[in-house]
Amino acid sequence: MAGTTTFDLGPHAAVVARLVSGVAGDWTDEATLDLLESRSRRLIAVHGNNDGPALRRRLPEIARAGLGGLRFAVVHETGPAAGRGRRCAERFPDADVLVFGHSHIPSDSTAPGGLRLLNPGSPTDRRRQPHHTFLTLTAADGTLGEVVLRRLPTRP
């Protein structure tokens, strides 16, 4: 999975790039990170298991941010699906929302205690999923509003 991966977020690109971007790892190249950094008002990102030393030097394993009155955490790996909610609630007791990646399987669930778990899937490597995906959401006044899984057009 080396080299630059190109993807098009369609009509959502301006919103995703200019507001706040949260990326849960597997950048695979610095050019993609540089591009999103240059187009984002604020980038909250972590490295993933497919990221080499240069990206690991630039990105943390876990990122945290306050957005819209909520406490967000971003991490790449959360372990197996079985028991994920319990493990994440224990590991991130100070977060309201956890954005994670690794599996490339889109999901939206709530852990015991109320931690919201969001996996946006992947806009670049859908693996066994039917679509390339990403999430958009709104957060304001301490409330997580609309969370939408966005599908990218099928590529030839």
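Up top you'll find the structure we're talking about.
What comes next is a walk through the structure.

### Thoughts on the pairing of strand β8 (residues 133-140)
Reasoning step 1: Direction of pairing for β8 relative to strand β9 (residues 143-151): antiparallel, over a ladder of seven bridges. Residue A139 lies in a different strand from β9, and its bridge partner there is L144.
Reasoning step 2: Here β8 folds back onto β9 in antiparallel fashion, the turn holding two residues, of which D141 has a positive phi close to 55°.

### Describing the sheet that holds strand β3 (residues 62-67)
Reasoning step 1: The five strands are arranged β3-β4-β5-β7-β6 in an open sheet whose pairing can be described as mixed. Of all strands in the sheet, those bounded by a partner on one side alone are β3 and β6 (107-110). With strand direction ignored, the average angle separating the axes of adjacent strands in the sheet is 20°.
Reasoning step 2: As paired strands, strand β4 (residues 70-75) and strand β5 (residues 97-100) are joined by four bridges and run parallel to one another. Across the sheet, the residue bridging to V74 is V99, located in β5.

### Here we look at the environment of R150
Reasoning step 1: Tracing the sequence through the fold places R150 in strand β9.
Reasoning step 2: Overall, the relative accessible area of 24% leaves R150 in the partly exposed class.
Reasoning step 3: Linking R150 and P120, residues 30 residues apart in sequence, is a C-alpha distance of 8.6 Å.
Reasoning step 4: Polar side-chain contacts of R150 include one of 3.0 Å to the side chain of T136.

Analysis parameters
- Residues numbered from 1 in each chain as written.
- Predicted model: local features only at pLDDT ≥ 70, side-chain atom pairs only at ≥ 80, totals over all residues.
- Heavy atoms only, no water.
- Pairing = 2+ DSSP bridges.
- Helix = DSSP H or I, 4+ residues; strand = E, 2+ residues; numbered from the N terminus.
- Axes fitted to C-alpha atoms, helices over the stretch in contact; angles between N-to-C directions.
- Buried < 20%, exposed > 50% of the residue type's maximum accessible area, 1.4 Å probe, protein only.
- Polar contact = N/O pair within 3.5 Å; in protein donor to acceptor, adjacent residues only side chain to side chain.

The values are spatial; any link to function lies outside them.
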